Amino acid sequence: MKSITQRHQLILKKLEQTGHVNVQELSTQMKVSDVTIRKDLKLLEDKKLLFRTHGGGSKVNPYANDRPVAEKEQLHAEEKRLIAQAAADMIGHNDSIIIASGTTMLALARSIHAEKHLTVITSALNVALELSHHQHVEVLQLGGQLRQNSSSVMGPYAEQILADVSCSMLFMGVDGIDMEMGLTTTSLMEARLNQRMMTAAQVTVVMADSSKFGKRGLGKICTLDQIQHIITDSGISPALVEMLEDKGINLTIVQQ
């Protein structure tokens, strides 16, 4: 049996290699109980060497923080561009779609083919402005309370409009994807609006770079079994790919 120092060294080494650790895997590997591993993770968290998550530990804070849209746009910009291109290829001529808010959604608006005839419903002001330059795109801008951090609107007025529409696809960004918690965002009101968008769409396509996996935001949008498709980048782990596919979710993984 390994000493506490040896266990901690092994945990930190694995964390450095993969970015996260799993309680069950560690307990099996080190032949100790789950309770012992959880105590180890607690001690390491107290020393600010990791963040505890549901069922394990993470190198980065698993709880997503709300940031200004200008700052978010600079994060994982190339991955977002490739994800947006893959999403744009899914949109057909004469489609009616919903585009939620977020920097990946803005990247999608920039990637939409100019010749396509579309009806786009969106809560994002920057998405609406970007698409206003397209001659063949009819834009329905939702109204409501302005959320400055995402340049979007939310609230009962936006939800009321969505109650009267039906679209083929919803393209939605999230702040966190957790296998247990599901899809989350940092705003409870935005989470509620996203739920209404899902009800109005036949298919929900989640656009999320791989950094979003293993994170949680304040507001839960839905569980993983309520979505049909995820577009992400090659940074996603093979284990997560297998778990998502086992849930029946279609995955598109873009390559840099």
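For the structure, see preceding data.
What's the story with the overall build of the chain in this structure? I'm lost.
In terms of helices and strands, the chain carries 10 helices and 15 strands. In terms of C-alpha radius of gyration, the chain reaches 20 Å, essentially the compact-globule figure of 18 Å for 256 residues. Burial analysis of the chain (256 residues in total) assigns 48% to the buried set. Of all intrachain contacts in the chain linking residues separated by at least 6 positions in sequence, the fraction that spans at least 24 positions is 60%. In the form shown here, the chain has an accessible surface area of approximately 12700 Å², with 49% of it arising from carbon and sulfur atoms. Charged side chains of the chain number 26 positive and 28 negative; the gap between the two group centres comes to 10 Å.

Is there a simple way to think about the sheet that holds strand E10 (residues 176-178) in this case?
Sheets are built from strands paired through backbone hydrogen bonds, the pairs being either parallel or antiparallel. Taken in spatial order, the three strands of this open sheet run E10-E11-E13, and their pairing is antiparallel. With partners counted over all chains shown, the strands left at the sheet margins are E10 and strand E13 (219-222), one partner each. Each strand of the sheet is rotated relative to its neighbour by a mean of 35°, with strand direction disregarded. Where strand E11 (residues 182-185) lies against E13, three bridges are found, and the strand directions are antiparallel. Bridge pairing links Thr-184 to Lys-220 in E13.

Got a minute to help me understand the sheet that holds strand E1 (residues 20-22) in this structure?
Spatially, the three strands line up as an open sheet ordered E1-E3-E2, and their pairing is antiparallel. In this open sheet, the two edge strands, each paired with only one partner strand, are E1 and strand E2 (51-53). Strand-to-strand twist across the sheet, computed as the mean angle between neighbouring axes with direction ignored, equals 25°. Here E2 runs beside strand E3 (residues 56-58); their pairing, made up of three bridges, is antiparallel. Each residue of the ladder has a partner; that of Phe-51, found in E3, is Ser-58.

Explanation requested: the environment of Leu-244 in the structure shown.
Along the chain, Leu-244 falls in helix H10 (residues 238-246). When the C-alpha positions of Leu-244 and Val-137 are compared, they lie 33 Å apart, and in sequence the two are 107 residues distant.

Could you clarify how one ought to interpret the pairing of strand E9 (residues 167-172) in this entry?
In the case of a regular strand, side chains alternate between the two sheet surfaces. The element E9 is extensively covered by neighbouring structure, given that five of its six residues are classed as buried. Taken together, the three bridges between strand E4 (residues 95-99) and E9 define a ladder with parallel strand orientation. Paired with Ile-99 across the strands is Phe-171, a residue of E9.

Sorry, what's going on with unusual backbone geometry here?
One can expect most non-glycine residues to show negative phi and most peptide bonds to be in trans. The residue Lys-48 is not glycine, and still its phi comes out positive at about 60°. Mapped onto the fold, Lys-48 is located in the loop between helix H3 (34-46) and E2. You will see that Asn-94, though not glycine, has its phi angle at about 65°, which is positive. Here Asn-94 lies in the loop between helix H5 (77-88) and E4.

Would you mind showing me how to read H3 here?
For an α-helix, 3.6 residues make a turn, and residues three or four places apart therefore share a direction. Across its 13 residues, H3 extends 18 Å between first and last C-alpha, which sits within 8% of the 18 Å expected from 1.5 Å per residue. Of the residues making up H3, those classed as buried are Ile-37, Asp-40, Leu-41 and Leu-44. The buried residues of H3 occupy one face: seen down the axis, they fall within an arc of 95°. Those residues of H3 that are buried are in contact with helix H1 (4-18), E1, helix H2 (23-30), E2 and E3. Positioned one or two residues after H3, Lys-48 has a phi angle of 60°, which is positive.

Help me out: how do you make sense of H2 in this one?
Turning to H2, its buried residues number three or more, namely Val-23, Leu-26, Ser-27 and Met-30. Angular distribution of buried residues about the axis of H2 spans 100°; they occupy a single face of the element. Opposite the packed face of H2, turned more than 90 degrees from it, sit the exposed residues Gln-24 and Thr-28. Where the residues of H2 are buried, they touch H1, E1, H3 and E3. The N-cap residue of H2 is Asn-22: its side-chain oxygen and the backbone nitrogen of Gln-24 are 3.0 Å apart. Looking one or two residues beyond H2, the residue adopting positive phi is Lys-31, at roughly 55°.

Parameters at a glance
- Residues numbered from 1 in each chain as written.
- Predicted model: local features only at pLDDT ≥ 70, side-chain atom pairs only at ≥ 80, totals over all residues.
- Heavy atoms only, no water.
- Helix = DSSP H or I, 4+ residues; strand = E, 2+ residues; numbered from the N terminus.
- Rg over C-alpha atoms; globule rule 2.2 N^0.38 Å.
- Buried < 20%, exposed > 50% of the residue type's maximum accessible area, 1.4 Å probe, protein only.
- Contact = heavy atoms within 4.5 Å.
- Areas by Shrake-Rupley, 256 points an atom, 1.4 Å probe, with all protein chains shown as cover.
- Lys, Arg positive; Asp, Glu negative; His and termini not counted.
- Charge placed at Lys NZ, Arg CZ, Asp CG, Glu CD.
- Pairing = 2+ DSSP bridges.
- Axes fitted to C-alpha atoms, helices over the stretch in contact; angles between N-to-C directions.
- Expected span 1.5 Å × (residues − 1).
- Arc of directions from axis to C-beta.
- Polar contact = N/O pair within 3.5 Å; in protein donor to acceptor, adjacent residues only side chain to side chain.

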